[in-house]
Amino acid sequence: MKYLFFIPLLTTVLSASMSEKIFELYQKELYAQGCSLGLKEFQNYRNDEPFISLYAFSCLKNDQIDALALPSSLLNQSAEARANAAYFSLLILQKKLLLQALYDNKPIIHLKLPVSSHLLSKIFDLYLKHPQKEVFIKEYKDPLTPRLTYKLYTIQSNHHKTIAIDEYYDKILTHHHVYE
């Protein structure tokens, strides 16, 4: 009888331990490790929304937008989880639409989607306003911080067609993002 109590307790402790491990990696800005660990342990914690959210945010911070698809489909039990799922889904959609626009010349300027503070979402919005179809590298100024500029272009990463965004501050490259 005492073993029946021990098994759920052990599962709860392991779950908390794994969530804490991913949170610790997130706090240390080791997003790639958090995303990899989350993917590795995902099947064991598919009903643990805090774990799934931490794993998904680690993938997001590591520019792994496509890795958000599975977590966003499972986050539905709480209001916070549903908000996270909607946010992840928005970013996936914006990336896919930018891919279509850039690779297939699909017109998307007529779309109206919410805009988040995430860089990909901001660039999506800037692209809708000024697609610059005639140039390979599209350049945009941040409307709120004029010293920030961005360059959007296509790139092959791990034999997959994707997009890259470079962030510049006063013409100095500060971040290079490849959205896998």
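Criteria and thresholds
Residues numbered from 1 in each chain as written. Predicted model: local features only at pLDDT ≥ 70, side-chain atom pairs only at ≥ 80, totals over all residues. Heavy atoms only, no water. Salt bridge = Lys/Arg side-chain N within 4 Å of Asp/Glu carboxyl O. Helix = DSSP H or I, 4+ residues; strand = E, 2+ residues; numbered from the N terminus. Buried < 20%, exposed > 50% of the residue type's maximum accessible area, 1.4 Å probe, protein only. Phe/Tyr/Trp six-rings, centres within 6.5 Å; stacked < 30°, edge-to-face > 60°. Pairing = 2+ DSSP bridges. Axes fitted to C-alpha atoms, helices over the stretch in contact; angles between N-to-C directions. Disulfide = S-S within 2.5 Å.

Visitor: Any chance you could explain the pattern of salt bridges here in plain terms?
Guide: Pairing between side chains becomes possible if they bear opposite charge and their charged atoms approach one another. Per the stated rule, a full pass over the model turns up six salt bridges. One salt bridge in this structure joins Asp66 and Lys95, with 3.0 Å as the shortest N-O distance. Remark: Lys95 occurs in helix 5 (residues 79–104) and Asp66 occurs in the loop between helix 3 (49–61) and helix 4 (69–74); sequence separation between them is 29 residues. Using a relative accessible area of 35% as the deciding quantity, one classes Asp66 as partly exposed.

Visitor: Hey, could you run me through the packing of aromatic side chains in this one?
Guide: How two aromatic rings sit relative to each other is set out by the distance from centre to centre and by the angle between their planes. Scanning the model with the defined rule gives seven aromatic pairs in all. Members of the aromatic cluster, connected to one another through ring pairs, are Phe42, Tyr45, Phe51 and Tyr55.

Visitor: Could you clarify how one ought to interpret the sheet that holds strand 2 (residues 148–157) in this entry?
Guide: Two strands in a sheet stick together by hydrogen bonds in their backbones, pointing the same way (parallel) or opposite ways (antiparallel). With antiparallel pairing, the four strands of this open sheet are ordered in space as 1-2-3-4. Strands at the two margins of the open sheet, each flanked by one partner only, are strand 1 (138–141) and strand 4 (172–179). Strand-to-strand twist in this sheet, taken as the mean axis angle between neighbours without regard to direction, amounts to 25°. Pairing between strand 1 and strand 2: four bridges, direction antiparallel. In the sheet register, Glu139 faces strand 2, and the bridge partner there is Lys151.

Visitor: Just checking my understanding: could you explain unusual backbone geometry for this structure?
Guide: Most peptide bonds take the trans configuration, and most residues that are not glycine carry a negative phi. Despite not being glycine, Asn105 has its phi angle at roughly 55°, a positive value. Relative to the helices and strands, Asn105 is located in the loop between helix 5 and helix 6 (119–129). Residue classification places Asn105 among the exposed residues on the basis of a relative accessible area of 58%. Within the chain, Gln132 stands out as a residue other than glycine whose phi angle is a positive 50°. On the secondary structure map, Gln132 appears in the loop between helix 6 and strand 1. Here Gln132 falls in the partly exposed class, since its relative accessible area comes to 21%.

Visitor: In this structure, what is going on with the state of the cysteines? I would like to understand it.
Guide: Disulfide: a covalent bond formed between the sulfur atoms of two cysteine residues. In this structure the tally under the stated criterion is one disulfide. In this model Cys35 forms its disulfide with Cys59; the gap between the sulfur atoms is 2.0 Å. Because the sign of the S-S torsion sets the handedness, a value of about 90° for the bond joining Cys35 and Cys59 places this disulfide among the right-handed ones. Pair noted here: Cys35 is in helix 2 (residues 31–41) and Cys59 is in helix 3, with a separation of 24 residues, a long-range link.

Visitor: I keep staring at the pairing of strand 3 (residues 160–169) and nothing clicks. Help me out?
Guide: In the case of a regular strand, side chains alternate between the two sheet surfaces. Of all the ten residues making up strand 3, seven are buried; the element is thus mostly covered by neighbouring parts of the structure. Both strand 2 and strand 3 contribute to a ladder of ten bridges, which runs antiparallel. Bridged to Tyr150 within strand 3 is Glu167. Between the end of strand 2 and the start of strand 3, which pair antiparallel, lie two residues, with Asn158 showing a positive phi angle near 55°. Relative to strand 4, strand 3 is paired through seven bridges, and the arrangement is antiparallel. Across the sheet, the residue bridging to Glu167 is His175, located in strand 4. Hairpin connection between strand 3 and strand 4: a loop of two residues separates the two successive antiparallel strands, and Asp170 in this loop has a positive phi of roughly 50°.

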